[in-house]
Amino acid sequence: KAGVTQTPRYLIKTRGQQVTLSCSPISGHRSVSWYQQTPGQGLQFLFEYFSETQRNKGNFPGRFSGRQFSNSRSEMNVSTLELGDSALYLCASSPPGTSGRIYEQYFGPGTRLTVT
Amino acid sequence: AQSVTQLGSHVSVSEGALVLLRCNYSSSVPPYLFWYVQYPNQGLQLLLKYTSAATLVKGINGFEAEFKKSETSFHLTKPSAHMRDAAEYFCAVSDQAGTALIFGKGTTLSVSS
C-alpha cells in the first residue's frame, strides 16, 4: 500500500505571498492531519479533517486554513506568508478508529517551505 | 490539558549498549501514547503505540516501551543500540478529543562505534 504523499517536497516563497500544499492519504484512510515542525517550536498541530469536515484545530492564526476533498485528499493554504512560516509541514493520515478516536497516524515526508 | 515531557534533548550511547529515552506525560483522560522516529530530511515513522491494551508494548526495530500509570511515564528502550538507530525520537500523547497528537520536544540519539 502506498504511503502518505505530499507535494511539493520543497517550496520557496516570498513574504506576503500565499501557498497551497497538498496531501494524499493512505488508501482507505479518511482522517488527515497537518502539523508544522520548526526548530524552535517543535511539532505543532494545525488541524484535522475527517470526511471533509474539520474536527479539530490548533492554535494558529486564520492565515492557516485547510480543506479535505471527497476522495480524502487534503490541502492546506497559508496566506500572507511571514518569515516565521518557514517550516517543515507534515501531513498524516489515520485509519478508522473506535469512537472516531485516532489511535495511530502515518506521516508523509513533508513539504519544506522557505519564506524569504 | 495533555502534555509530554522528554527528558534529555540529546542521548549518546555506544553501539551495543542499552538505549533508554525518557518520556513523561500528563493527561486528563486515559492516554494514547506513541513513539515516533525521524531520520534527517524525512517524515515521522511510527515505532510503537499504547492504546490501553498491554502495558509493555513492542514496536519495530527492536524497540519497546512500558506504560507506567503510577509514574505517568512511557520510556522507550532497546537492549542493544545499532548505528542505524541514530535519529531523532519523539514521544506523543493524543489530545483530549483524540483527534490530534501533542508531541514532546524530541530526543536526538547518537550512536558511536
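Analysis parameters
- Residues numbered from 1 in each chain as written.
- Chains lettered and ligands numbered in written order.
- Predicted model: local features only at pLDDT ≥ 70, side-chain atom pairs only at ≥ 80, totals over all residues.
- Heavy atoms only, no water.
- Helix = DSSP H or I, 4+ residues; strand = E, 2+ residues; numbered from the N terminus.
- Rg over C-alpha atoms; globule rule 2.2 N^0.38 Å.
- Buried < 20%, exposed > 50% of the residue type's maximum accessible area, 1.4 Å probe, protein only.
- Areas by Shrake-Rupley, 256 points an atom, 1.4 Å probe, with all protein chains shown as cover.
- Phe/Tyr/Trp six-rings, centres within 6.5 Å; stacked < 30°, edge-to-face > 60°.
- 1 Å grid on protein atoms, 1.4 Å probe; cavity = no way out; pocket = protein on both sides within 12 Å on 5 of 7 lines; lining within 4 Å.
- Points joined across faces, edges and corners; volume = space filled by probe spheres on them.
- Nonpolar A, V, L, I, M, F, W, Y, C, P; charged D, E, K, R; others polar.

**Thoughts on the overall build of chain B**
Alright, step 1. When helices and strands are counted, chain B shows zero helices and 11 strands.
Alright, step 2. In sequence order, chain B lays out its α and β elements as β-β-β-β-β-β-β-β-β-β-β.
Alright, step 3. Here the C-alpha atoms of chain B give a radius of gyration of 13 Å, agreeing with the 13 Å that 2.2 N^0.38 yields for 113 residues.
Alright, step 4. Judged by the C-alpha coordinates and their principal axes, chain B covers about 45 × 30 × 20 Å.
Alright, step 5. Sorting the 113 residues of chain B into buried and exposed places 46% on the buried side.
Alright, step 6. Carbon and sulfur atoms make up 51% of the accessible area of chain B, which amounts to about 5,200 Å² in all.

**Considering the environment of Ala87(B)**
Alright, step 1. Within the secondary structure layout, Ala87(B) lies in strand E9 (residues 87-94).
Alright, step 2. When the C-alpha atoms of Ala87(B) and Val4(B) are compared, they prove to be 19 Å apart, with 83 residues separating the residues in sequence.

**Examining the packing of aromatic side chains**
Alright, step 1. Taken as a whole and judged by the stated rule, the model has 14 aromatic pairs over all chains.
Alright, step 2. Taking the centre distance of 4.1 Å and the plane angle of 15° together, the rings of Tyr50(B) and Phe67(B) count as stacked. Of the two residues, Tyr50(B) is situated in strand E5 (residues 44-50) and Phe67(B) in strand E7 (residues 64-68); the sequence distance between them amounts to 17 residues.
Alright, step 3. Judged by its relative accessible area of 9%, Phe67(B) falls in the buried class.
Alright, step 4. Joined through ring pairs, the aromatic side chains of Tyr35(A), Phe45(A), Phe107(A), Phe34(B), Tyr36(B), Phe90(B) and Phe103(B) make up one cluster.

**Points about the layout of surface pockets**
Alright, step 1. Of the voids in this model, the largest pocket is the one considered here, and its volume is about 290 Å³.
Alright, step 2. Every element with two or more residues in the lining of the largest pocket is listed here: strand E4 (31-38) of chain A together with E9 of chain B.
Alright, step 3. By residue class, the composition of the lining of the largest pocket is six nonpolar, seven polar and three charged.
Alright, step 4. Roughly 210 Å³ of volume is contained in the second largest pocket.
Alright, step 5. The wall of the second largest pocket is formed by 13 residues, among which Gln44(A), Phe45(A), Gly58(A), Asn59(A) and Ile102(B) lie closest to the centre.
Alright, step 6. Those elements that place two or more of their residues in the lining of the second largest pocket are strand E5 (42-50) and strand E6 (53-57) of chain A together with strand E10 (101-103) of chain B.
Alright, step 7. Here the residues of the lining of the second largest pocket are counted per class, giving seven nonpolar, four polar and two charged.

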